[in-house]
Amino acid sequence: MIIHSHKIVRVRMQDMNNYRQSGFTLVEIAIVLVIVGLLLGGILKGQELINSARVRNIADQNSAVQAAYYGFIDRYRQVPGDMRQTDAQAAIGGTINAGGDGNGRIGGGTTADWVEASAAWEHLSKAGYMTGNYQGGGTSAETYQAPDVAPVNAFNGYVLISRLPAADYAGVGSERLGYVFGNQIPVNIMRELDVKLDDARPETGVVRAAADSGTAYDAVNAADAACVDDTPDPSIWDINTNSQDCNGVYLY
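Reading the values: rules and limits
- Throughout this document, residue positions are counted from 1 along each chain, in the order its sequence is written.
- The predicted origin of the model limits local features to residues at a pLDDT of at least 70 and limits the giving and counting of side-chain atom pairs to 80 or more, whereas totals for whole chains, interfaces and linings rest on all residues.
- Only heavy atoms go into the side-chain values, all of them from the structure, while hydrogens and water stay out.
- The way it works is that DSSP assigns letters per residue, a run of H or I at least four long becomes a helix, a run of E at least two long becomes a strand, and they are numbered from the N terminus.
- In this scheme, a residue with accessible area under 20% of its type's maximum is buried, one over 50% is exposed, and one in between is partly exposed, where area comes from a 1.4 Å probe on protein chains only.
- Surface exposure here means Shrake-Rupley accessible area, sampled with a 1.4 Å probe, where a residue is shielded only by the protein chains that are shown.
- We define a nonpolar core as any set of buried Ala, Val, Leu, Ile, Met, Phe, Trp, Tyr and Cys residues linked to one another through side-chain atoms lying within 4.5 Å.
- What makes a salt bridge here is a side-chain nitrogen of Lys or Arg within 4 Å of a carboxyl oxygen of Asp or Glu, nothing more.
- Note on scores: pLDDT gives the predictor's confidence for each residue, bounded by 0 and 100.
- Aromatic pairing here means that ring centres of Phe, Tyr or Trp (its six-membered ring) are within 6.5 Å. Orientation follows from the plane angle: under 30 degrees is stacked, over 60 is edge-to-face, and everything else is tilted.
- Counted charges follow a simple rule, with Lys and Arg positive, Asp and Glu negative, and His plus the chain ends left uncounted.
- Note on contacts: a residue pair is in contact if any heavy atoms of the two residues lie within 4.5 Å.
- To count toward a patch, a residue needs a relative accessible area over 30% and no salt bridge; like charges are then connected within 9 Å, while nonpolar side chains (Val, Leu, Ile, Met, Phe, Trp, Tyr) are connected within 5 Å.
- Here, any two strands with at least 2 DSSP bridges between them count as paired.
- Each axis is a line fitted through C-alpha atoms, and for a helix only the stretch in contact is used; angles between axes span 0 to 180 degrees, taken between their N-to-C directions.

Each helix and strand counted, the protein chain has six helices and six strands in total. Along the protein chain, helices (α) and strands (β) appear in the sequence α-α-α-α-α-β-β-α-β-β-β-β when read from the amino end. For the protein chain, buried positions account for 39% of its 252 residues. For the protein chain, the accessible area works out to roughly 13,400 Å², and carbon and sulfur atoms hold 55% of it.

Shown next as structure tokens:
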């Protein structure tokens, strides 16, 4: 049998073509890498936008509560939550379930703290200064953390406004009126919030880290100790821990 050389050459060329077609060319690989890069960039940018929206939501919630608080005082000449139940019912109208002792402040270092802190939301909402229909009646951390007693932040942690002892927040301070942002906030969000509103330091300025234990408002005002790194001076928000249960206080 005679095999012509030109047939052998043709077969070998076909084999080489098949071999070449079995893998990706440099152009194809480059296109794939570009597509992957665009997808990753889109995902990262999308996450960045989501985080920024959450920070803005938490900051706006604080601003709205602050405006409602001072608006109520301007109108009724009483502090929401501290206003006596009978006075609130007469002034606001409708059914008011809770009130305070009328001493001109929310909270006072006793179990009445919870009653007045929860009554604040009832007074503000029923007076039309904030959305929601809160009913008051909180007497402990457990009863306070209920959908009809107190509002929540973007991460479903309960927020609070009250007079806070210095032990309830990081850094040097004294008892002050403050807004608790609520727990369950990731540390990177808490840091970005501090950057947006203050000095990016958890122990100075008006935005402080919440205490990690022994607070007057227990779990509502508590935070994971890993949220703050106090090794450097001044201390910093420790985003390397990736803690998902941070909290902060805005001092009015």
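There is more to say, and it comes next.
Buried together is how nonpolar side chains tend to be arranged in soluble globular proteins. Core analysis: the largest hydrophobic core is formed by 57 residues, its most contacted members being W121, Y144, L160, I161, Y179, F181 and M190. Top element by residues in this core is helix α2 (residues 26-76). It accounts for eight residues.

Under the defined criterion, the tally for this structure stands at four salt bridges. Across the salt bridge formed by R77 and D74, the nearest N and O atoms sit 3.6 Å from each other. The exposed category is assigned to R77, whose relative accessible area is 62%. In this structure, the salt-bridge partner of R105 is E175, at a minimum N-O distance of 2.1 Å. With R105 in the loop between α3 (85-92) and α4 (112-126) and E175 in the loop between β1 (160-164) and β2 (176-180), this residue pair connects regions lying 70 residues apart in the sequence. A relative accessible area of 35% means that E175 is categorised as partly exposed. What you see here is one network of salt bridges that share partners, running through R105, R163 and E175.

For the protein chain, per-residue confidence averages 88 on the pLDDT scale, and 85% of positions sit at 70 or higher. Summarising per-element confidence for the protein chain, the mean pLDDT is lowest in helix α1 (residues 5-21) (52) and highest in strand β5 (residues 236-237) (98).

For the rest of this paragraph, the subject is the packing of aromatic side chains. Taken as a whole, this structure holds eight aromatic pairs when the rule is applied. Where F72 meets Y76, the ring centres are 4.6 Å apart and the plane angle is 45 degrees; that geometry is what we call tilted. Taken together, the residues F72 and Y76, both in helix α2 and four residues apart, mark about one turn of the helix. For the residue pair F72 and Y76, the accessibility class agrees, reading buried in each case. One aromatic cluster is present, formed by Y69, Y70, Y250 and Y252 through successive ring pairs.

Attention now moves to the side chain of D238. Within the secondary structure, D238 is located in the loop between β5 and β6 (248-251). Of the buried charged residues, D238 lacks a salt bridge, with R191 as the closest side chain of opposite charge at 9.4 Å. Aside from chain neighbours lying at most four places away, what touches D238 is V187, A226, C227, V228 and D229.

A word on unusual backbone geometry. The step from D233 to P234 runs through a cis peptide bond, and the omega angle for that step is 5 degrees. Following the sequence through the fold, P234 ends up in the loop between β4 (228-229) and β5. Backbone geometry at A200 places phi at a positive 70 degrees, although glycine is not the residue there. Along the chain, A200 turns up in the loop between α6 (187-197) and β3 (207-209). Positioned with a positive phi, D218 is a non-glycine residue whose angle comes to about 50 degrees. As for its placement among the helices and strands, D218 is situated in the loop between β3 and β4.

Residues V27, I31, I35 and L39 make up a contiguous nonpolar surface patch of about 390 Å² in total accessible area. For V27, the position within the fold is in helix α2.

Our next topic: the sheet that holds β1. The antiparallel open sheet is built from four strands, whose spatial order is β1-β2-β6-β3. Each having just a single partner strand, β1 and β3 make up the two edges of the open sheet. Neighbour to neighbour, the strand axes of the sheet diverge by 35 degrees on average, direction disregarded. With three bridges joining them, β3 and β6 adopt antiparallel strand pairing. The residue of β6 that forms the bridge with R208 is V249. Relative to the sheet, α4 contacts β1 and β2, its axis offset from that of β1 by approximately 140 degrees.

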